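Take a look at the letters that make up each chain.
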Amino acid sequence: MTNSVRGDDASGGAWGPGLKRGAVSFTFDNLGEAADLEFGTWPKDVAVGTHYTVVDVLPALLRKLDGLSVTFFTEGWNAQTYPDALRSMQNAGHEIGLHGWRHEIWSKLDAETQEDVLSRGVGAMRAIGVKLKGFRPPGGAGSANLPALLKRHGMIYVSEVGEGDRVDDGIARVPFPWRGVDGVFLQPDLGKAVGISTGEPSDGGSGVEAVIRNFAQAMRSAKEHGTHAVLVFHPWLLGQDIKRMEALSALLDLARGDRDLWMASCGDVAEWLLARSH
C-alpha cells in the first residue's frame, strides 16, 4: 500500500522551521571531468584532476554561497578524484547528493547497472566521509525501482524532473521542472529537446536574462502557491561567462532578501517533509 503525501499537504502552505510561505533550493549539478569521460568527449592527451569547475568555479561558488545551505549533486567518481573539493563543500555547510557514478543516463541503464552505479557511488562517498541523503538521476528521469534502491542504500529522497514535492512509501520526492534548469535557457538545443522553444518570447526567451526571469518567477510562484522551487545550475556553464555568475548572485540576493521564502538544501526539505508525513 502506498502512503502518498504531497508537499503542500504536509506543509499546510507553511515551510520550514520558520513557517515560511514557500521554499527554494539552489542546486548544482555535475563536477569535473566525470560526464566527459563517460560520453567519450574528454581529450585523451589531457590528464584528469585539474578541471576548471573544481579549480576555478567551485571556490567562487563557495564564496557566493557563504552562510547558505545548497545541494551539490555530484558524480561518485569525483569522490576518488577530488575528495578535498567534496570535503570543502561539506565543511562549508552544503549537502552533497549523488548524481550517478560518471553521469550515466539513468533511464537507459538496466536494473543491474543501476544497482552497481548506486553501490559504487555510495561506497566512494562514504570512504571520504560523505553520507548521502539523496539522488538526482542524470538525464532527469527516474525509474519505478528507484525508491527501493534508495532505501537499500540508506537514502531518503530523489530529485527527478517533475512537479509537486511529496512522500511516497517513505521516500521524499523533491522534483525540479525543466524551466528550473539553467541549461534549458543557455543551450537552446536542450530547451527544444525538452519541449521548451526558448528562442520564442512566449516561452521566456533564451540566455542569461531568461534564466533570471524564469528563476525569479519560480520563487514568486512558490510564495504565492505555498510550494517549493528547485533551481538547477551547472558549474561548467556558470564558469563559461562572468555574466552567468552575476546572474546567480542576483538570484541568491533575491532569495536571501525574501522573508517569505525558506532557503534550504534538498536534503533538509526532504527530512522536513518526511517528519510531517507520519
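Structural data are supplied above this passage.
Computed from a predicted model, the values in this text were never measured in an experiment.

So, about the layout of surface pockets. Reported here for the largest pocket is a volume of approximately 570 Å³. The wall of the largest pocket is formed by 29 residues, among which Asn30, His99, His103, His234 and Trp236 lie closest to the centre. Among the secondary structure elements, those contributing two or more residues to the lining of the largest pocket are α2 (34–39) and α11 (235–238).

The residue Val117 is located in helix α6 (residues 111–127) in this model. A relative accessible area of 4% means that Val117 is categorised as buried. Leaving out residues up to four positions away in the same chain, Val117 has contacts with Gly100, Trp101, Glu104, Trp106 and Leu109.

For any pair of aromatic rings, geometry is given as the distance between the ring centres together with the angle between the planes. For the structure shown, the criterion picks out ten aromatic pairs. Look at Phe215 and Phe233: their rings are 5.3 Å apart centre to centre, the planes differ by 80 degrees, and that puts the pair in the edge-to-face class. In this pair, Phe215 sits in helix α10 (residues 208–225) while Phe233 sits in strand β9 (residues 228–233), placing the two residues 18 residues apart along the sequence. Per residue, the accessibility class of Phe215 equals that of Phe233, and both read buried. Here the aromatic cluster, defined as three or more aromatic residues joined through ring pairs, consists of Phe26, Phe28, Phe72, Phe215 and Phe233.

For the pair helix α3 (residues 52–64) and helix α5 (residues 83–91), the least separation of the axes is 11 Å and the interaxial angle reads 5 degrees. By the criterion of interaxial angle, the relationship of α3 to α5 is roughly parallel. Across from Val54, Leu58 and Leu62 in α3, the residues of α5 making contact are Ala85, Ser88 and Met89. A per-class count over the contact of α3 with α5 returns five nonpolar, one polar and no charged.

Parameters and conventions
All residue numbers refer to position in the chain's written sequence, counted from 1. At least 70 in pLDDT is required for a residue's local features to be given in this predicted model, at least 80 for side-chain atom pairs to be given and counted, and no such filter applies to totals for whole chains, interfaces and linings, which use all residues. Values reported for side chains reflect all heavy atoms of the structure, with hydrogen atoms and water molecules removed beforehand. In this analysis a 1.4 Å probe is tested at points of a 1 Å grid over the protein atoms alone, and where it fits but cannot get out there is a cavity; an open set with protein on both sides within 12 Å along at least five of seven lines is a pocket; lining residues have an atom within 4 Å of a point. Grid points are joined across faces, edges and corners, and a volume is the space filled by probe spheres set on the points. By the criteria applied, helices consist of DSSP H or I runs no shorter than four residues and strands consist of E runs no shorter than two, each listed in order from the N terminus. Summary of the burial criterion: residues with accessible area below 20% of their type's maximum are buried, those above 50% are exposed, and those between are partly exposed, where the area comes from a 1.4 Å probe applied to protein chains only. Note on contacts: a residue pair is in contact if any heavy atoms of the two residues lie within 4.5 Å. Each Phe, Tyr or Trp ring, with Trp reduced to its six-membered ring, pairs with another whose centre is within 6.5 Å; inter-plane angles below 30 degrees give stacked pairs, above 60 give edge-to-face pairs, and intermediate values give tilted ones. Axes here refer to lines fitted to C-alpha atoms; in helices the fit is confined to the stretch in contact. Angles between the N-to-C directions go from 0 to 180 degrees. Orientation is classified from the angle alone, with under 35 degrees giving roughly parallel, over 145 giving roughly antiparallel, 65 to 115 giving roughly perpendicular, and any other angle giving oblique. Charged means Asp, Glu, Lys or Arg here, nonpolar means Ala, Val, Leu, Ile, Met, Phe, Trp, Tyr, Cys or Pro, and polar covers whatever is left, Gly included.

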